Amino acid sequence: MPSTPPAERRPIDGAAIVRTLQRLAAHPEAPWLHAEVARRMADRLAVIRLQPERVVEWWGVAGASDEPLRAAYPRAARVVVEPTQALGEVCREQRKAPWWTSRRWAGPTVEVVAGDLSGVTGAQLLWANMVLHASIDPPNLIAAWHRALAVDGFVMFSCLGPDSLKELRALYRELGWGAAAAEFIDMHDIGDMLVRAGFADPVMDQEQLTLTWASPEALLAELRGLGANASPQRFAGLRTPRWRARLLAALQDRLAGPDGRLALTLEVSYGHAFKGAPKLSVQPTTTVSLDDMRSLVKQQRPRGK
């Protein structure tokens, strides 16, 4: 098996991700930024003609995508895959139909799975909003997404890009405070991962958002809601109240604009790609399964794009 290219060896502390997931399960409110990115990602569905009958949502609680997916595909059956049992329970509670709503009119039920994608197959859409950057092994995760899709199904995702928090990273470097955050993957490298996983026609784009806060305390609270510092190169010990006071002063001094509000850049990468039909190697005698034959026939049909 070929080694993982250097650009994909993104060091990330899995223990920090676990702590973030535990905090999310205890206080299950996804960041407003995730809901905003989900809305923007849903706007991109207009270019896809395919109307999925089965949708897999990766990390539903963190992804904050329930409303846009229901609006886009009200008749689609949905499977939500959560990374932990605790978040699976939270997800089930969040997606229960209101008591005053008849199940007849509530639309298709939502199945919630805690763990991984094993056993989940045949989806026409796999949706993953603002979670790929939290993966400790993005190539393997993208390959799992590919296996969960039916032929001609598509993946739609978003994640943070490498220019995110660039002002905060520069401040930490200047003051020798270790890494401010984990390194995020460039969208071109993600496109390469999609191709190697077997996806066809990957389309990637990105936008930069500038977020502002009234105070350094509000900025830090927002960043904590977005997740922990998962960089293995972060400061390993406990910080002191004196250091926190110095951090607040530095944030105010370096990040405040003429209006007094503190600003940070976030780069959001978006992508989608289709799962093509399997390619059969030509040999003197070739055996084709019934499922592969059906896939090859489907390949001749126009793709829903």
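Parameters and conventions
Residues numbered from 1 in each chain as written. Predicted model: local features only at pLDDT ≥ 70, side-chain atom pairs only at ≥ 80, totals over all residues. Heavy atoms only, no water. Salt bridge = Lys/Arg side-chain N within 4 Å of Asp/Glu carboxyl O. Helix = DSSP H or I, 4+ residues; strand = E, 2+ residues; numbered from the N terminus. Buried < 20%, exposed > 50% of the residue type's maximum accessible area, 1.4 Å probe, protein only. Pairing = 2+ DSSP bridges. Contact = heavy atoms within 4.5 Å. Arc of directions from axis to C-beta. Axes fitted to C-alpha atoms, helices over the stretch in contact; angles between N-to-C directions. pLDDT = per-residue confidence, 0-100. Phe/Tyr/Trp six-rings, centres within 6.5 Å; stacked < 30°, edge-to-face > 60°. Lys NZ or Arg CZ within 6 Å of the ring centre and 35° of its normal. Parallel < 35°, antiparallel > 145°, perpendicular 65-115°, else oblique. Nonpolar A, V, L, I, M, F, W, Y, C, P; charged D, E, K, R; others polar. Right-handed = clockwise from strand over helix to strand, strands pointing away.

Caption draft 1: Representation of the pattern of salt bridges in the model. Evaluated as defined, the whole model comprises 16 salt bridges. We note a salt bridge from Arg78 to Asp66, for which the minimum N-O separation is 2.9 Å. Here the residue Arg78 occupies a position in strand E2 (residues 77–82), and Asp66 occupies one in helix H4 (residues 66–72), the gap between them amounting to twelve residues. Pair check on accessibility: Arg78 and Asp66 agree, each one buried. Between Arg92 and Glu89 there is a salt bridge; the shortest N-O distance is 2.9 Å. Taken as a pair, Arg92 and Glu89 lie in helix H5 (residues 85–94) at a separation of three residues, close to a single helical turn. A relative accessible area of 30% means that Arg92 is categorised as partly exposed.

Caption draft 2: Up close: the pairing of strand E1 (residues 54–58). When you tally the buried positions in E1, you get four out of five residues, the bulk of the element. Sheet topology note: the E1/E2 ladder contains five bridges and is parallel. For Val56, the partnering residue across the bridge sits in E2 and is Val79.

Caption draft 3: Quick peek at the side chain of His146. For His146, the location among the structural elements is in helix H6 (residues 138–148). His146 has contacts with Ala197, Gly198, Phe199 and Lys275, leaving out every residue within four places of it along the chain.

Caption draft 4: Structural detail: H5. Those residues of H5 not exposed but buried are Leu87, Gly88, Val90 and Cys91. The arc enclosing the buried residues of H5, seen along the axis, measures out at 165°, which places them on a common side. Exposed residues on H5 whose side chains face more than 90 degrees from its buried face are Gln85 and Glu93. Along its buried surface, H5 packs onto helix H1 (14–26), helix H3 (60–63), E2 and strand E3 (110–114).

Caption draft 5: Representation of the sheet that holds E1. Within the open sheet, the seven strands sit side by side as E3-E2-E1-E4-E5-E7-E6. Their pairing is mixed. A strand with exactly one partner marks an edge of an open sheet, and here the two such strands are E3 and strand E6 (199–213). Neighbouring strand axes in the sheet, compared pairwise and without regard to direction, differ in orientation by 15° on average.

Caption draft 6: Quick peek at the confidence of the model for the chain. The pLDDT averaged across the chain works out to 89; a share of 85% of its residues lies at or above 70. In this model, residues 1–8 is a region of pLDDT below 50 whose contacts with residues beyond four sequence positions or in other chains number eight contacts.

Caption draft 7: Structural context of the packing of aromatic side chains. For the structure shown, the criterion picks out five aromatic pairs. Note on Trp58 and Trp59: the rings are 6.3 Å apart at their centroids and 20° apart in plane angle, and the pair reads as stacked. Comparing Trp58 with Trp59 shows no difference in burial state: the two are buried. With a centroid separation of 5.2 Å and 65° between ring planes, the pair formed by Trp177 and Trp243 is classed as edge-to-face. Here Trp243 lies in helix H10 (residues 241–255) and Trp177 lies in the loop between helix H7 (166–175) and helix H8 (187–197), a separation of 66 residues in the sequence. Of the two residues examined, Trp177 and Trp243, each falls in the buried class. A connected cluster of aromatic rings, assembled from ring pairs, spans Tyr172, Trp177 and Trp243. Sitting over the face of the ring of Tyr270, Arg44 holds its NZ or CZ atom 3.7 Å from the ring centroid. Positioned above the aromatic ring of Trp243 is the side chain of Arg239, whose terminal nitrogen or guanidinium carbon lies 4.0 Å from the ring centre.

Caption draft 8: Region of the structure containing the packing of helix H9 (residues 216–226) against H10. Viewed as axis vectors pointing N to C, H9 and H10 meet at an angle of 105°, and their least axial separation amounts to 9 Å. Considering their axes alone, H9 and H10 lie roughly perpendicular with respect to each other. Contacts from Pro216, Glu217, Leu219 and Leu220 of H9 reach H10 at Arg244, Leu247, Leu248, Leu251, Gln252 and Leu255. Split by residue class, the contact of H9 with H10 holds seven nonpolar, one polar and two charged.

Caption draft 9: Region of interest: H7. For H7, the full list of buried residues reads Leu168, Arg169, Leu171 and Tyr172. The buried residues of H7 occupy an angular sector of 160° when the element is viewed end-on, so they sit on one face. The exposed residues of H7 that point more than 90 degrees off its buried face are Arg173 and Glu174. For H7, the secondary structure elements touched by its buried residues are H9, H10 and strand E7 (262–275). Just past H7, the residue Gly176 takes up positive phi, approximately 65°.

Caption draft 10: The arrangement of the pairing of strand E5 (residues 149–160) in detail. With twelve of twelve residues buried, E5 lies mostly within the body of the structure. Where strand E4 (residues 123–129) meets E5, six bridges bridge the pair, whose relative direction is parallel. By the bridge assignment for E5, Ala123 is matched with Leu149. Assessed by its sense of winding, the connection that carries the chain from E4 through H6 to E5 is right-handed. As paired strands, E5 and E7 are joined by seven bridges and run antiparallel to one another. The residue of E7 that forms the bridge with Ser158 is Tyr270.

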